[in-house]
Amino acid sequence: MQQTLAITVDQRGGLTVLTLVGDIDHDARPLLDALLGRLPDPVGRIRVEMAGVPFMDSAGLHFLVELRRRQTSGGTGPPTLVGVREQPAGVLRLTGLDTVLGIAA
């Protein structure tokens, strides 16, 4: 059974917290693209809460790379990913993105 992605955005001063719940896959791409379109440019510091994400494919990689591009262009460093589960962590390691994104325990 496919799980729909839900995104909560919380602005806390200069920090934007994105809480993702559900699969980050091809079907979630329009939602992710719309979110990217709503974020300010430069976006400031970003924390991505991923404890609720059991699965991620290339759509998630695209989203995270775009977040990184936007955030680093504003001079604030890469987004911090929190609570990354086993499958998404494996995809990040496989592609090398684990070395360019901030991943917290």
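Our subject is the structure listed above.
Residues numbered from 1 in each chain as written. Predicted model: local features only at pLDDT ≥ 70, side-chain atom pairs only at ≥ 80, totals over all residues. Heavy atoms only, no water.

A. Fine view of the pairing of strand 3 (residues 45-52). Where strand 2 (residues 15-21) lies against strand 3, six bridges are found, and the strand directions are parallel. Each residue of the ladder has a partner; that of Val 21, found in strand 3, is Gly 52. With respect to chirality, the unit in which strand 2 leads through helix 1 (residues 29-38) into the neighbouring parallel strand 3 is right-handed. (Pairing = 2+ DSSP bridges. Helix = DSSP H or I, 4+ residues; strand = E, 2+ residues; numbered from the N terminus. Right-handed = clockwise from strand over helix to strand, strands pointing away.)

B. Layout of the nonpolar core. Ranked by size, the top nonpolar core spans 24 residues in total, and within it Ile 24, Val 48, Met 56, Phe 63, Leu 64, Leu 67 and Leu 92 carry the most contacts. Where this core is concerned, the elements lending two or more residues are strand 2, helix 1, strand 3, helix 2 (58-73) and helix 3 (86-95). The greatest single-element share of this core, amounting to four residues, is contributed by helix 2. (Core = buried A, V, L, I, M, F, W, Y, C linked by side-chain atoms within 4.5 Å. Buried < 20%, exposed > 50% of the residue type's maximum accessible area, 1.4 Å probe, protein only.)

C. The side chain of Thr 16, seen in detail. On the secondary structure map, Thr 16 appears in strand 2. Separated by 2.8 Å, the side chains of Thr 16 and Gln 11 make a polar contact. Apart from the residues within four sequence positions on either side, Thr 16 is in contact with Val 9, Asp 10, Gln 11, Leu 39, Val 43, Arg 45, Ile 46 and Arg 47. (Polar contact = N/O pair within 3.5 Å; in protein donor to acceptor, adjacent residues only side chain to side chain. Contact = heavy atoms within 4.5 Å.)

D. Fine view of the sheet that holds strand 5 (residues 102-104). With mixed pairing, the five strands of this open sheet are ordered in space as 1-2-3-4-5. Every interior strand has two partners, whereas the edge strands, strand 1 (6-12) and strand 5, have only one. Direction aside, neighbouring strands of the sheet carry axes that sit 20° apart on average. The pairing of strand 4 (residues 80-82) with strand 5 spans three bridges and is parallel. Looking at the pairing, Thr 80 lines up with Gly 102 of strand 5. (Axes fitted to C-alpha atoms, helices over the stretch in contact; angles between N-to-C directions.)

By themselves, these are just geometric observations and shouldn't be taken as functional.
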